[in-house]
Every structure is written in structure tokens, then in C-alpha cells.
Amino acid sequence: MTRRIPLASATPADFAFRVLRDVWLDADAAYWLRRAAAFEAAAPRPGDHPGRATPQQIEEARRRCQETAAACRARASLTAASDQVFVDTLAAVALSPDRLLEPAEGAAAA
């Protein structure tokens, strides 16, 4: 279950946690596999009503959907290895969210 924090009462640490969570969810291999499945399902199939589309337009749409699905699957394979890094980062933030607000090591003071 997702924790909802009203924007008016969100602390910078809460905001940082939500940003990292959203980045992780978008970079997750499962997300890209779901996107690939959605593009495959959206591709025109034999028997679909073509409307006013020409056979060439239908074939082009099918090709685009298949290429996009293949790209999503490739992205999933690339991100699968890095999933654990995001999980570890989120766990660290959940345990100590204020740590995100500390200056990075070696960063010059403003």
C-alpha cells in the first residue's frame, strides 16, 4: 500500500523518498515488461476492424507496436541487474530519510 503524504505537510525527506520511489518504479524491469505487453496487445490483429486505415497503415502500426515492445523488453533486461541497487537505496532512505538532505562527501560548502 502506498503511503500518501499531503504536499502541504511533506518534509523534504518525505519528498526525497517519494522521488526515489517513483524513479525505482519507473526503472523496474517488471514495469518495462508490462509496457511491452501493453504494446503487444495494442498492435492491430487480423480480424480487427480497420476503420479507414489502409493495409499499409495497419501494417505500419503493427510494426511500430512490435518494435516498441521489443525496445521495452530490451530495457527490462538492462534494468533487471540494477533492481537490487534501487531496492537497497529505498531501504536506506526509509530507515534514515534525513540522510538524503546531508551534503555529499567532498562537496564544497556553499
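Use the structure listed above.
In this text, all values refer to a predicted model and were calculated from it rather than measured experimentally.

Novice: I would appreciate a short explanation of the overall build of the protein in the present structure.
Specialist: Across its full length, the protein holds four helices and zero strands. For the protein, with 110 residues in total, the buried portion stands at 22%. Expressed as a percentage of contacts within the protein between residues at least 6 apart in sequence, the contacts between residues at least 24 apart total 69%. For the protein, the computed accessible surface area is about 8,200 Å², with 61% contributed by carbon and sulfur atoms.

Novice: Help me understand the pattern of salt bridges in this model?
Specialist: Side-chain pairing between opposite charges can occur once the charged atoms of the two side chains come close. Under the defined criterion, the tally for this structure stands at five salt bridges. A salt bridge links arginine 64 to glutamate 60; its shortest N-O distance comes to 3.8 Å. One end of the pair, arginine 64, and the other, glutamate 60, are both in helix H3 (residues 55-80), four residues apart, so they sit about a helical turn from each other. With a relative accessible area of 44%, arginine 64 lands in the partly exposed category. With a relative accessible area of 31%, glutamate 60 lands in the partly exposed category. Via salt bridges that share partners, Glu60, Arg63, Arg64 and Glu67 belong to a single interconnected network.

Novice: Hey, could you run me through the packing of aromatic side chains in this one?
Specialist: Aromatic rings in a pair are described by how distant their centres are and how their planes are angled relative to each other. Tallying each qualifying case throughout the model produces one aromatic pair. Measuring from ring centre to ring centre gives 5.1 Å for tyrosine 31 and tryptophan 32, while their planes differ by 85°; the resulting arrangement is edge-to-face. Judged by relative accessible area, tryptophan 32 falls into the buried class, the value being 17%.

Definitions and limits used
- Residues numbered from 1 in each chain as written.
- Predicted model: local features only at pLDDT ≥ 70, side-chain atom pairs only at ≥ 80, totals over all residues.
- Heavy atoms only, no water.
- Helix = DSSP H or I, 4+ residues; strand = E, 2+ residues; numbered from the N terminus.
- Buried < 20%, exposed > 50% of the residue type's maximum accessible area, 1.4 Å probe, protein only.
- Contact = heavy atoms within 4.5 Å.
- Areas by Shrake-Rupley, 256 points an atom, 1.4 Å probe, with all protein chains shown as cover.
- Salt bridge = Lys/Arg side-chain N within 4 Å of Asp/Glu carboxyl O.
- Phe/Tyr/Trp six-rings, centres within 6.5 Å; stacked < 30°, edge-to-face > 60°.

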